[in-house]
Amino acid sequence: MTQDELKQTVAQAALDYIAPKLTPTSILGIGTGSTANFFIDGLAAYKQHFAATVASSEASAQRLASLGIKVLDLNEVEGLSLYVDGADECNAALEMIKGGGAALTREKIVAATADEFICIADESKMVTTLGHFPLPVEVIPMARAYVTRELEKLGATVVYRQGVITDNNAVILDVHGLSITEAKALEAQINQIAGVITNGLFAARPANILLLGTPAGVKTLYAKNT
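Residues numbered from 1 in each chain as written. Predicted model: local features only at pLDDT ≥ 70, side-chain atom pairs only at ≥ 80, totals over all residues. Heavy atoms only, no water.

Enquirer: Which residues make up the nonpolar core, and what are the values?
Expert: By size, the foremost hydrophobic cluster in this structure holds 24 residues, and its most contacted members are Ile 18, Leu 28, Phe 39, Leu 43, Ile 120 and Leu 211. Secondary structure elements with two or more residues in this core: helix 1 (3-18), strand 1 (27-30), helix 2 (34-43), helix 3 (58-66), strand 3 (80-85), strand 6 (114-122) and strand 12 (209-214). Looking at which element gives the most residues to this core, the answer is helix 1, with six residues. With residues near it in sequence (within four places) discarded, Leu 28 still touches Ile 18, Leu 22, Leu 43, Phe 50, Ala 52, Thr 53, Val 54, Leu 80, Ser 81 and Leu 82. (Core = buried A, V, L, I, M, F, W, Y, C linked by side-chain atoms within 4.5 Å. Buried < 20%, exposed > 50% of the residue type's maximum accessible area, 1.4 Å probe, protein only. Helix = DSSP H or I, 4+ residues; strand = E, 2+ residues; numbered from the N terminus. Contact = heavy atoms within 4.5 Å.)

Enquirer: Could you give an account of the pattern of salt bridges, naming the residues involved and the relevant values?
Expert: Enumeration according to the criterion identifies nine salt bridges in this entry. Residues Lys 108 and Glu 187 are paired through a salt bridge, measuring 2.9 Å at the closest nitrogen-oxygen approach. Within this pair, whereas Lys 108 is found in helix 4 (residues 104-113), its partner Glu 187 is found in helix 6 (residues 183-191), the two being separated by 79 residues in sequence. Across this residue pair, the class does not change: Lys 108 and Glu 187 are buried. Within this structure, Asp 85, Lys 98 and Glu 107 form a network of salt bridges that share partners. (Salt bridge = Lys/Arg side-chain N within 4 Å of Asp/Glu carboxyl O.)

Enquirer: Give me the sheet that holds strand 8 (residues 157-160): which residues, what numbers.
Expert: One open sheet holds the four strands; their spatial order is 8-9-7-10, and the pairing between them is antiparallel. A strand with exactly one partner marks an edge of an open sheet, and here the two such strands are strand 8 and strand 10 (196-199). Each strand axis lies, on average, 25 degrees off the axis of its neighbour in the sheet, ignoring direction. As paired strands, strand 7 (residues 135-139) and strand 9 (residues 171-176) are joined by five bridges and run antiparallel to one another. Counterpart to Pro 136 in the pairing with strand 9 is Asp 174. Across the sheet, helix 4 is in contact with strand 7, strand 9 and strand 10; its angle to strand 10 comes to roughly 70 degrees. (Pairing = 2+ DSSP bridges. Axes fitted to C-alpha atoms, helices over the stretch in contact; angles between N-to-C directions.)

This is how it looks when you write it as structure tokens:
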């Protein structure tokens, strides 16, 4: 199977998983990226079975709206029943690196609001130790050089993602060369650097369920605390 076929398969598995949970008042959090796009496209067939969505990026909001799916601002809702999104890397604890698409801050906010976070990914995203994929850090533009120097103290190489402005009018630094064994601690440490909006470690709020697409079928993994 191609990677796109794996993504499509796992997106359908997510639709099958959430379908029995949908109610006329359900508000769904929707992620960003290529795997999430397959989920969004499939979600159109279920739009009569839930109330609305909240998107983690302008791109996802536009895709949802183009399919006739109602999109709300997060400030308009008290909470989300489900959040479905992909990952750039995920470990056995369902801690993730996200932000390859530069939507990490909004993704983290939406995930924090959801009762259940369902991660959808193909098997290439499953790793033993996080950090092979560069860790994105969203930064206020005037702090870019300072934050770079602080991140370099971790022993990593920091690359400014040139030409990318986030939906929050911020910039992205990609941190290469880390082997992340204590994801929660590192997430908190980086977030304490002045000028950092947030980083792409999703460890304080990991996924509850991972649907992992493999050539042998979709595997379902659960977080240890669920």
